[in-house]
Amino acid sequence: MIALAVVCAVAGAASNAVGTAFQRKAASTVSQGGGLGLMIALVRRPAWSIGIAGVAGAALFQALALVNGPMALVQPLFVLELPFALLVIAPLMHRRLPATAWRAVAGMVGGLALVLVAAAPSGTRNEAVMTRWLPVLALTLGAMGLAVVLARPAHSSLFRAAALATAAAIGNALTAALMKSATGVLADSGFTAFLCTWQTYGFALAGVGALLLLENSLQAGALVASQPALTIGDATVSLLLGVVLFGEEIRTGWWLTVELAGVLLILWGVLRLTRVAPHLIDLNR
C-alpha cells in the first residue's frame, strides 16, 4: 500500500507540474487585474484549460495516494512538482535547463529523500474526530485570511506573491487533509456515504480557494517569491496536519537533525531553481 501511495504521489506531482506550467503560461499573458476578473480572463485561454486538466489528473492521483498512505509521506512528495514543472516549461518555452538547474534538481531530490527516510512517516487512519477538525479549520482558514489581508496593501510585488503563495500552500494542505478524510469514507462506506460527508464539499471549496490564490500569486510577482512558499509551505503544513488530525507518526530525537538537513537542501534547490528559471538557455543557441 505504501509503494502504491508513493507511485501515485509522484504521478500526481508530475501531473500537477503540467498544470502549473500551463497555468503559469496563461497567467503571464494577463497583464493586470486579480480575483475573479483574473479567472474570467484565464478561462478564455487554451493553455489554462490544459493546466486545469493537469490539476484534475493530479487530484485523482493525490486521492489514490492519500487513501493508501500517510499524509505526512504523500504530501512532501509533491515537492517534486517544481523540478517536473521546469522540465515541462523548458520545452514549452523552447529552452533547455543549464547545468546549475540539474544540480538544483539533484539537491531537491536528495533533500526529499533525506527527510522521508529520516522521518519515516507512518499511520493508517483516514478520518479524524470533529474535536480535532474544529481547531484545525479555525487556524488554517485564519492563517489564509491573514496572508491575504497582508498581501492586499503590499507595495512589493515579491511580498505580495509570497504572501498569496503562503495562503495557497495552506489551502493546498487543508484540501489534502479533507480529501484524505473524504476518500477514506468512500473506500470504507461507498459512494453514497462519500456524498453525504461534509469533508467532500469541504475539500472542493478549499481546493477552489487554493487555486484562486495560486493564480493570483503567480500573477503578482516573480516565481522566486512564490515557489519557495508554495513548495515548503504545503509540505510542512501537510506534515503537521497528518500528525495532528490523523495521528500519524514521524521519528524525532536525533533524526530531527537529518530531517532539518534535508529541508535545508530542498530549500537550497528550490531557491536555485527559481533563480535559474527566468534565465533558461534558448535551444536555438
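Here the structure is a predicted model, which is why all the values come from computation and not from measurement.

### Here's the deal with the overall build of the protein chain
In terms of helices and strands, the protein chain carries twelve helices and two strands. If you list the helices and strands of the protein chain from N to C, you get α-α-α-α-α-β-α-α-α-α-α-α-α-β. For the protein chain, with 285 residues in total, the buried portion stands at 49%. Contacts in the protein chain between residues far apart in sequence, at least 24 positions, make up 85% of those at least 6 positions apart. Put simply, the protein chain shows about 13,000 Å² of open surface, and 71% of that area lies on carbon and sulfur atoms.

### Examining the nonpolar core
Nonpolar side chains tend toward joint burial in soluble globular proteins. Grouped together as the largest cluster of nonpolar side chains are 63 residues, with contacts concentrated most on Trp 133, Leu 241, Leu 245 and Leu 273. At 14 residues, the largest contribution of residues to this core is made by helix H8 (residues 157-189). Other than its neighbours up to four places away in sequence, Leu 241 contacts Met 71, Val 136, Thr 140, Ala 173, Leu 174, Ala 177 and Phe 246.

### With respect to the packing of aromatic side chains
Counted under the stated rule, the structure contains four aromatic pairs. Relative to Trp 198, the ring of Trp 133 has its centre 5.3 Å away and its plane inclined at 80°; by these criteria the two rings are edge-to-face. With a gap of 65 residues between them, Trp 133 in helix H7 (residues 130-151) and Trp 198 in helix H10 (residues 198-220) connect regions that are remote in the sequence. For the ring pair Trp 133 and Phe 246, a centre distance of 6.5 Å and an interplane angle of 85° mean the geometry is edge-to-face. Note that Trp 133 is positioned in helix H7 and Phe 246 in helix H11 (residues 223-246), a separation of 113 residues in sequence. Classification of Trp 133 as buried rests on a relative accessible area of 0%. What links up through ring pairs into an aromatic cluster is the set Trp 133, Trp 198 and Phe 246. Cation over ring: Lys 180 sits above Phe 246, and NZ or CZ is 5.7 Å from the ring centre. In this arrangement the basic side chain of Arg 251 is found over the ring face of Trp 255, its NZ or CZ atom lying 3.7 Å from the centre.

What counts, and at which threshold
Residues numbered from 1 in each chain as written. Predicted model: local features only at pLDDT ≥ 70, side-chain atom pairs only at ≥ 80, totals over all residues. Heavy atoms only, no water. Helix = DSSP H or I, 4+ residues; strand = E, 2+ residues; numbered from the N terminus. Buried < 20%, exposed > 50% of the residue type's maximum accessible area, 1.4 Å probe, protein only. Contact = heavy atoms within 4.5 Å. Areas by Shrake-Rupley, 256 points an atom, 1.4 Å probe, with all protein chains shown as cover. Core = buried A, V, L, I, M, F, W, Y, C linked by side-chain atoms within 4.5 Å. Phe/Tyr/Trp six-rings, centres within 6.5 Å; stacked < 30°, edge-to-face > 60°. Lys NZ or Arg CZ within 6 Å of the ring centre and 35° of its normal.

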